[in-house]
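Residue-level structural notes
So you can see what is in the structure, the chains are spelled out below.
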Amino acid sequence: MSITIYEAGKIITMNPSRPTATHVAVRDGRILGAGSLTELTGWGAHTLDRRFADKILMPGLVEGHSHVAEGVQWRFVYCGFHDRTDPDGRVWSGARSVDAVVQRLDEANQKLGTTSGPLTGWALDPIYFDNRRVTRHDLDRVSTERPIGIMHASGHIMNVNTKALEMAGMLRPGVNHPGVPLGDDGLPLGEMKGPDAMTPLGPHVGLDRGLLSADEPGLRAFARLCVRKGVTTAADLANLLPKPAVEMMERVGREPTFPVRVVSLRVLRGASPRETIEHALALKQHSNELMRFGIVKIVVDGSIQGFSARLRWPGYYNGAPPGLWYVTPEHLREALELALQAGVQVHTHTNGDEATELVLDTLEAALKKHPSNDHRFTLQHCQLANAAQFRRMKNLGMCVNLFPNHHFYWGDEHYRLTVGPERAERMNACATALATGVPLAIHSDAPVTPLGPLFTAWCAVNRQTASGRILGEHERIGVADALRTITLGAAYTLKLDGEVGSIEVGKRADFAVLEDDPTTIGGTHLKDVRIWGTVQGGRVFEAATI
Amino acid sequence: MRDVAPRPVTVIGGYLGAGKTTLVNHLLRHNGGRRIAVAVNEFGALPIDSDLIEGADGNVLTLAGGCICCSFGSDLVAGLIDLAARADTIDHILIEASGVALPGAIAQSLSLVAGLTLDAIVVMVDAETIRARATDFYMGDTITRQLTDADLVVINKTDLISTEARAALQHWLPAHAPSARVIAANHAVVAPDIVLGIDSAFVHATTKVDHFTRAFATESFEFEHIVDADRLAAGLADPAIGLVRAKGFARDPLLGWVTIQVVGQRHHVTAAPTLADPSGCIVCIAHGRRLDRTAIGTLIAACRPS
Ligand SMILES: [Zn+2]
């Protein structure tokens, strides 16, 4: 029942009726009010906490599309090109060449000494090495005794050494698969492209598919990373949510020091649409304050950089075939109709504009049968939607969660190779979404790109590629819009905007605690805002000691 | 690696409602002594008729006649690795592809797993709906890519369409399934030897004609001389000869005893154990018309190395 009043350098509330404040009062993990000390004193006896007196508070950031598996990846050797922070706060410098990757793996291998087991790396992105192919011969320089595997940043390609190929029974002639390039000797070069080609190698290099969905240590590591990035609510977008995982999450979520709210979506996979909707409905009963269940995710197509996203005419810029469907229209229709009937929210993964069109068509028909006033079905990624599709989203009551991080990491590739200049400039059309009135969120899809809503906001505000090109000036959004999008916007797509996303009376006391003011630092510096930590449900978590 | 002959894999593709599941159950019912492992990736309950199910062992159903069925979810290759590991209890693997899967891509994945070899890609089509599906805004190109991949197309539910519609479909299909032989069926009733390949025992026992095979012209050819096996296999796969399937044994001057297998235009030659019977023998099956004995006889003679 005790009341704490936090004094801050500035409180950005996202509440338009009092956009800024100096103090916020908290009781029972919820906000009594934001305003002046005098106003808040009226609530009764309180403790004045001045530790944030020189800090900026804003609503706890909401990551609307990530994967808790980000917390698992950091057990492996980071081989990415860009600097990246791990859950312990250590900044791993980027590995800027194949040699640097090899050297980093070599150091890790030395540390392993004579212990057995594989050496595993992740986040490799040869796009930045002029697409020079990494081969088993490169990795054999690290070890010919120990199996080695590196997952690419995209999650769609893996590199392995000779020992790993041998153990998987793949060091043989006669492999005839588009995802397995061969050397002059007719043997695989160790680059395995696509899920099918990666599967035989995964178990031998510590990258088993099952292992990559989060376990308990992975969930805890993910939560620490959230604190470092100012995140107090994160969506875990594709989980099969078997019973033991749900029990573990429920238990961890009840711990008094677990620092983040996780919304975990049941992905439609390995079960019929009906079973999946029923499972989601049953899981809803297991939700607690920090662990939320009950939403369904459906993957409709593949990825743009993997050329498996379903594109409408005229297809891929380089002439590749128009992508792959991962669900039939019949199953999609059944799932959407059942979900509308049951009141279960659905998030659909659509990267290509044809996949988006299928969801729009299917939902339009399903809504005629089962009208719903506030379904908030959300298109995830939805990177190639055009203005007409945004208008349809608006009319159908859909939300969209766009992926502006793509512009920084792969925007140059999209311009040059995948979708060509015009569509690359239109991709992730945040400004069009806002102008059309489609409820908007933006995301990192961590571990595909690094978790960090302020970085994602920077991407949406600047649309700058790794090479420095501004990709689609017209679709840039303002800082105020971007900040609203990574708080209230994302909360709305998870039906949590009544609980979180702004600092106002009645809501959860979830704050991002910042050293710099994102509203005055300037759009080009948004990614440089320093983060002290978070307050989650009234509990204070400092990044430096998490 | 264990020393077992690679297990043949038949991929059954086609869109929802074409009759893939009916075909699978039909083959399990009439397996001719083959121990078939069925791998499915459709969601939900395993699509096996309940009277065929004998028990469950983990996520594997044990079926009548030593057959099994397993679901691999979204991870086909992992499922195939598991099946390859139990190859000594399996004679043949059937993959029932999902409605949106490209069977050619599944066939390519087989080379990632040691101990498996592609037998054929069979694509089922629904006689009533295939042409509309092939022009569907969303699914059209997926359907036509499935047909392009096929070695054999089974037109199912032919009893539901008129004779004219059937003729039109027979005319339309070759353009869309250029490497396939086309056969017609009702309720997915097709001779197991057509879908799964000719049983080795059948090659030397030409009297065996089951009631499913009656719709086909089956002939056996014996020859004493050695042949260029690759050339003979390619010749038997020539669309002009019109065979659906062929299988036999022959002596090749370089390779020794070999097995020759033909399905549609796909053909392969593999090493075979030395036979007691010194003469070569090929069983050929053609569909819907008489088999051209003279052409095949001429071909065999022409494949004698000079
Ligand atoms: Zn994702």
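Residues numbered from 1 in each chain as written. Chains lettered and ligands numbered in written order. Predicted model: local features only at pLDDT ≥ 70, side-chain atom pairs only at ≥ 80, totals over all residues. Heavy atoms only, no water.

**Digging into the pairing of strand E2 (residues 20-27) of chain A**
Consecutive side chains along a regular strand alternate between the two faces of the sheet. Residues and elements named next belong to chain A. The pairing of strand E1 (residues 3-12) with E2 spans seven bridges and is antiparallel. Paired with Ile3 across the strands is Arg27, a residue of E2. Sheet analysis places E2 next to strand E3 (residues 30-35), joined by five bridges and oriented antiparallel. Residue pairing across strands places Val26 opposite Ile31, the latter belonging to E3. (Pairing = 2+ DSSP bridges. Helix = DSSP H or I, 4+ residues; strand = E, 2+ residues; numbered from the N terminus.)

**Quick word on the interface of chain B and chain A**
In this assembly, 26 residues from chain B lie in contact with 35 residues from chain A. Where chain B abuts chain A, roughly 2,500 Å² becomes buried across the two surfaces, and 61% of that area is made up of carbon and sulfur atoms. For the pair chain B and chain A, the number of links is two salt bridges. For the salt bridge of B:Asp141 with A:Arg310, the shortest nitrogen-to-oxygen distance reads 2.6 Å. In this assembly, chain B and chain A are joined by twelve residue pairs in polar contact (both at pLDDT 80 or more). Going through the elements one at a time, helix H2 (76-85), helix H3 (103-109) and helix H5 (140-149) of chain B are the ones with two or more residues in the side of chain B that touches chain A. Here the residues of the side of chain B that touches chain A are counted per class, giving 14 nonpolar, seven polar and five charged. (Contact = heavy atoms within 4.5 Å. Buried area = accessible area lost by both parts, 1.4 Å probe. Salt bridge = Lys/Arg side-chain N within 4 Å of Asp/Glu carboxyl O. Polar contact = N/O pair within 3.5 Å; in protein donor to acceptor, adjacent residues only side chain to side chain. Nonpolar A, V, L, I, M, F, W, Y, C, P; charged D, E, K, R; others polar.)

**Considerations on the coordination of the zinc ion**
All names here are of chain A. Within the protein, His65 (NE2), His67 (NE2) and Asp445 (OD) serve as the donor atoms for the zinc ion, at 2.1 Å. Sequence spacing of the donor residues for the zinc ion, all on one chain, is H-x1-H-x377-D. Remark: Asp445 occurs in the loop between strand E21 (440-442) and helix H16 (453-462) and His65 occurs in strand E6 (residues 61-66); sequence separation between them is 380 residues. Here His65 falls in the buried class, since its relative accessible area comes to 1%. (Donors = N, O, S within 2.8 Å, 3.2 Å for Na, K, Ca; no water. Buried < 20%, exposed > 50% of the residue type's maximum accessible area, 1.4 Å probe, protein only.)

**Brief notes about the nonpolar core**
A general trend in soluble globular proteins is that nonpolar side chains are found buried together. Counting residues in hydrophobic clusters, the biggest one holds 175 residues, and the most contacted among them are A:Met393, A:Val400 and B:Ile95. Sequence-distant contacts of A:Val400, that is, excluding residues within four places in its chain, are made with A:Thr378, A:Leu379, A:Cys382, A:Phe390, A:Met393, A:Ala433, A:Val438, A:Pro439, A:Leu440 and A:Ala441. (Core = buried A, V, L, I, M, F, W, Y, C linked by side-chain atoms within 4.5 Å.)

**Focus on the environment of B:Val11**
Residues and elements named next belong to chain B. Assignment of secondary structure puts Val11 in strand E1 (residues 7-13). On the basis of relative accessible area, Val11 is assigned to the buried category, the value being 0%. It is 19 Å that separates the C-alpha atoms of Val11 and Arg86, two residues lying 75 residues apart in sequence.

**Looking at the domain arrangement of chain B**
Residues and elements named next belong to chain B. As assigned here, chain B comprises domain 1 (7-195) and domain 2 (200-302). Placing a centre on the C-alpha atoms of domain 1 and another on those of domain 2 gives a separation of 24 Å. Opposite the 21 residues of domain 1 that make contact, domain 2 presents 20 residues. Together domain 1 and domain 2 conceal approximately 1,600 Å² of surface at their shared face, both sides included; 56% is due to carbon and sulfur atoms. Contact with domain 2 buries area across many residues of domain 1, yet Arg181, Asp193 and Ile194 alone supply 40% of it, more than any other trio. There are two salt bridges connecting domain 1 and domain 2. The residue Arg245 makes a salt bridge to Asp119 at a minimum N-O spacing of 2.7 Å. (Domains from an automatic or database assignment.)

**Observations concerning the packing of aromatic side chains**
Residues and elements named next belong to chain A. Evaluation of the coordinates by the stated rule reveals 17 aromatic pairs over all chains. Seen from their ring centres, Phe408 and Phe455 are 5.7 Å apart, and the 85° between their planes marks the pair as edge-to-face. Residue Phe408 is located in helix H13 (residues 405-418), and its partner Phe455 is located in helix H16; the two are separated by 47 residues in the primary sequence. What makes Phe408 buried here is its relative accessible area of 14%. Put simply, the rings of Phe408, Tyr409, Trp410, Phe455 and Trp458 touch in pairs and so form one group of aromatic residues. Between the NZ or CZ atom of Arg96 and the centre of the ring of Phe81, over which it lies, the distance is 4.7 Å. (Phe/Tyr/Trp six-rings, centres within 6.5 Å; stacked < 30°, edge-to-face > 60°. Lys NZ or Arg CZ within 6 Å of the ring centre and 35° of its normal.)

**Brief notes about the side chain of A:Arg508**
Residues and elements named next belong to chain A. Within the secondary structure, Arg508 is located in the loop between helix H17 (479-493) and strand E22 (511-514). Taking the relative accessible area as the measure of exposure, Arg508 reaches 16% and is therefore buried. The residues touching Arg508, leaving out its near neighbours within four places in the chain, are Gly29, Arg30, Ile31, Arg261, Glu289, Arg292, Glu499 and Val500.

**Some thoughts on the sheet that holds strand E7 (residues 77-78) of chain A**
Residues and elements named next belong to chain A. Here we have five strands laid out as an open sheet, ordered E7-E10-E11-E12-E13, and mixed in their pairing. Lying at the two open borders of the sheet, with one neighbouring strand each, are E7 and strand E13 (191-193). Strand direction decides the pairing type here: strand E12 (residues 157-160) and E13, joined by three bridges, are antiparallel. Bridge pairing in E13 links Met158 to Met192. Each of E7, strand E10 (119-124) and strand E11 (148-152) is contacted by helix H3 (residues 98-112), which is oriented at about 155° to E10, the strand it contacts most. (Axes fitted to C-alpha atoms, helices over the stretch in contact; angles between N-to-C directions.)

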